[in-house]
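A look at the structure
Residue strings, one per chain:
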Amino acid sequence: MKRKAMDNLIKWKNSNDRKPLLLYGARQVGKTYLVKEFGNKFFKDIIYVNFETNNIVSQIINENITPEFIIKNLEVIFGRVIDKDNTLIFFDEIQKNTRALTSLKYFCEDAPEYYVIGAGSLLGVHINKKDFSFPVGKVDFLTIYPLTFEEFLINTNNTLLVDTIKECYINNKTISDAIHKKALELYYDYLIIGGMPEVVKEYINTNSLINAIDYQKDIIESYKNDITKYSEPSYAPKILSAFDSIPVQLAKDNKKFQYKLIQKGGTSTIFGDSINWLVNAGIVNKCIKTKIGLPLKMYEELESFKIYMNDVGLLTNLSEFPIYLIKNREAVNETMIGMLTENYVASSLKYNNLNLNYWKNDYDSKLDFILQSEKGLIIPIEVKTSTHIKSRSLNNYMKEFKPKYGIRLSTKNFGFKNNIKSVPLYAVFCINKKSLDEF
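Quick caveat, the model's predicted, so the values are computed rather than measured. (Residues numbered from 1 in each chain as written. Predicted model: local features only at pLDDT ≥ 70, side-chain atom pairs only at ≥ 80, totals over all residues. Heavy atoms only, no water.)

**Quick word on unusual backbone geometry**
- Omega for the peptide link from Leu294 to Pro295 comes to -15 degrees, which places this bond in the cis form.
- If you trace the backbone, Pro295 turns up in the loop between β6 (284-290) and β7 (300-309).
- With a phi angle near 55 degrees, Asn207 is a residue other than glycine that sits in the positive phi range.
- Among the structural elements, Asn207 can be located in the loop between α10 (197-206) and α11 (209-230).
- We note that Glu320 has phi near 55 degrees; this positive angle belongs to a residue other than glycine.
- Residue placement: Glu320 occurs in the loop between α15 (312-318) and α16 (323-327).
- Classification of Glu320 by relative accessible area gives exposed; the value is 70%. (Helix = DSSP H or I, 4+ residues; strand = E, 2+ residues; numbered from the N terminus. Buried < 20%, exposed > 50% of the residue type's maximum accessible area, 1.4 Å probe, protein only.)

Below is the structure:
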């Protein structure tokens, strides 16, 4: 599969001040496949160690974590010489061996000439443990997400459509009705399929939505198994309850996360750590309420937030959302399809390394997302599920704060009116910090 993250790996390889690289990301977002493909394409050899299954290497690293000792023993175990210029050393599921994580510090300090990558499904959870000392400043980081809608289009032989969407977004140019309709149909397919690599691969191979979503159930179960296996026994039931409550949280018109919806009498004291676990595991994304001011980070109201799944397809499955209701938009109410739409937008923005914030005033005006550009512009975003775009919130925001422009996402075509940029939902992947400034 073609992944944009490959460009980041190539950039890391060619960097003069390269450090060992740590890949974050939830389970089954494609980290292992991506690094192996990278190793096979750009190195003569790859030494692959999975710490869930390779006890021999674990024992060696537990004995000594100096690079010289590790490399010498890896050569003996694998029967191959490790060439610093042509061999990639890949430590997978590295969170299973704390000493292996610590060894990255010494690779950085004593053997920076070697190419070393570590990856793990629960790195965020492990690193955020209070008793873990992380080698700050000694590693580079890269987060791997599910496939974006752009990547979905590329891997389904729609690269020319991607180019056309980008051109229309940059130039505020209307796209032809036929192409607009095709892009929307693919977008609705993506709401069902999402971007988990195995799900997309099955869809491509079989051209079947039903076959593809069967894989989603396995992924959701693997998430739940991880919660049970890797969280503290006293926290596991709380984390599972918080996870299962996500569809209920997003089905409300007011999508602010409410602990009482997990269980009667629920509070942040009871469930706060559970939410943090899900965020650190990469399973969910948190969107925090903010006041308007630069930088937005300083105006966040941390106690008020929304929670979205890391992948819209998984949310569709977790919600047991009937496929025909998505394919036949006439038969579903706006709040329910809005749940998936907003989650899709949140994930798309997160994939583009944008911080997730939303805004609400003391009355009835609210905006789904507030973004900060590279140069410090604050851009409001309103999300609509269809061509019915009448709403007071964005207009009220524009009058009160007078931003350079606003963005309205909907199923309408590209356009610009009353200082509001109309962007079709299928073009959200075009929105990033740089493009917000280039308007």
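That covers the picture; the talk isn't over yet.
**Quick word on the environment of Leu191**
- Note on placement: Leu191 falls in helix α9 (residues 177-193).
- Put simply, Leu191 and Thr148 are 43 residues apart on the chain and 11 Å apart in space, counted from C-alpha to C-alpha.
- Apart from residues lying up to four places away in sequence, Leu191 is in contact with Val312, Gly313, Thr316, Ile326, Ile337, Leu340 and Tyr344. (Contact = heavy atoms within 4.5 Å.)

**Quick look at the sheet that holds strand β14 (residues 420-424)**
- With mixed pairing, the 5 strands of this open sheet are ordered in space as β10-β11-β12-β14-β13. Strands with a single pairing partner mark the edges of an open sheet, and in this sheet they are β10 (369-372) and β13 (415-417). Strand-to-strand twist across the sheet, computed as the mean angle between neighbouring axes with direction ignored, equals 25 degrees.
- As judged from the 4 bridges shared by β10 and strand β11 (residues 378-383), these two strands associate in the antiparallel manner. Residue pairing for β11: Leu371 is matched across the bridge by Ile379.
- Its contacts with the sheet put helix α18 (residues 392-401) on β10, β11, β12 (406-410) and β14, and the angle it makes with β11 is roughly 165 degrees. (Pairing = 2+ DSSP bridges. Axes fitted to C-alpha atoms, helices over the stretch in contact; angles between N-to-C directions.)

**Some remarks on the packing of helix α4 (residues 67-78) against helix α5 (residues 98-110)**
- At their nearest, the axes of α4 and α5 sit 9 Å apart, and the two run at 105 degrees to each other. When the interaxial angle is binned, α4 and α5 end up roughly perpendicular. Here Pro67, Ile70 and Ile71 of α4 come into contact with α5, specifically with Ser103, Tyr106, Phe107 and Asp110.
- Class assignment of the residues belonging to the contact of α4 with α5 gives a composition of 5 nonpolar, 1 polar and 1 charged. (Parallel < 35°, antiparallel > 145°, perpendicular 65-115°, else oblique. Nonpolar A, V, L, I, M, F, W, Y, C, P; charged D, E, K, R; others polar.)

**What about the side chain of Ser245?**
- Of note, Ser245 is situated in the loop between α12 (236-244) and α13 (246-250).
- Within polar-contact distance, the side chain of Ser245 engages the backbone oxygen of Ala242 at 2.8 Å.
- The contact partners of Ser245, leaving out residues within four places of it in the chain, are Phe257, Leu261 and Ile262. (Polar contact = N/O pair within 3.5 Å; in protein donor to acceptor, adjacent residues only side chain to side chain.)

**Considering the sheet that holds strand β9 (residues 366-367)**
- The strand order across the open sheet built from 4 strands is β7-β6-β8-β9, with neighbouring strands paired in mixed fashion. Lying at the two open borders of the sheet, with one neighbouring strand each, are β7 and β9.
- Summarising the sheet, β6 and β7 pair through 7 bridges and their orientation is antiparallel. By the bridge assignment for β7, Lys289 is matched with Glu301.
- On the sheet, helix α14 (residues 268-280) packs against β6 and β7 and is oriented at approximately 120 degrees with respect to β6.

**Structural notes on the pattern of salt bridges**
- With the rule as written, the count across this model stands at 16 salt bridges.
- As a salt-bridge pair, Lys255 and Glu342 come within 3.9 Å of each other at their nearest N and O atoms. Placement of Lys255 in the loop between α13 and α14 and of Glu342 in helix α17 (residues 334-351) is noted, with a sequence separation of 87 residues between them. Like Lys255, the residue Glu342 is buried in the burial classification.
- Between Glu382 and Arg408 there is a salt bridge whose closest N-O contact spans 3.0 Å. Residue Glu382 is located in strand β11, and its partner Arg408 is located in strand β12; the two are separated by 26 residues in the primary sequence. Each of the two residues, Glu382 as well as Arg408, counts as buried.
- Linked by salt bridges that have partners in common, Lys4, Glu150 and Lys166 make up one network. (Salt bridge = Lys/Arg side-chain N within 4 Å of Asp/Glu carboxyl O.)

Fair warning: the whole summary comes from geometry, so function is off the table for now.
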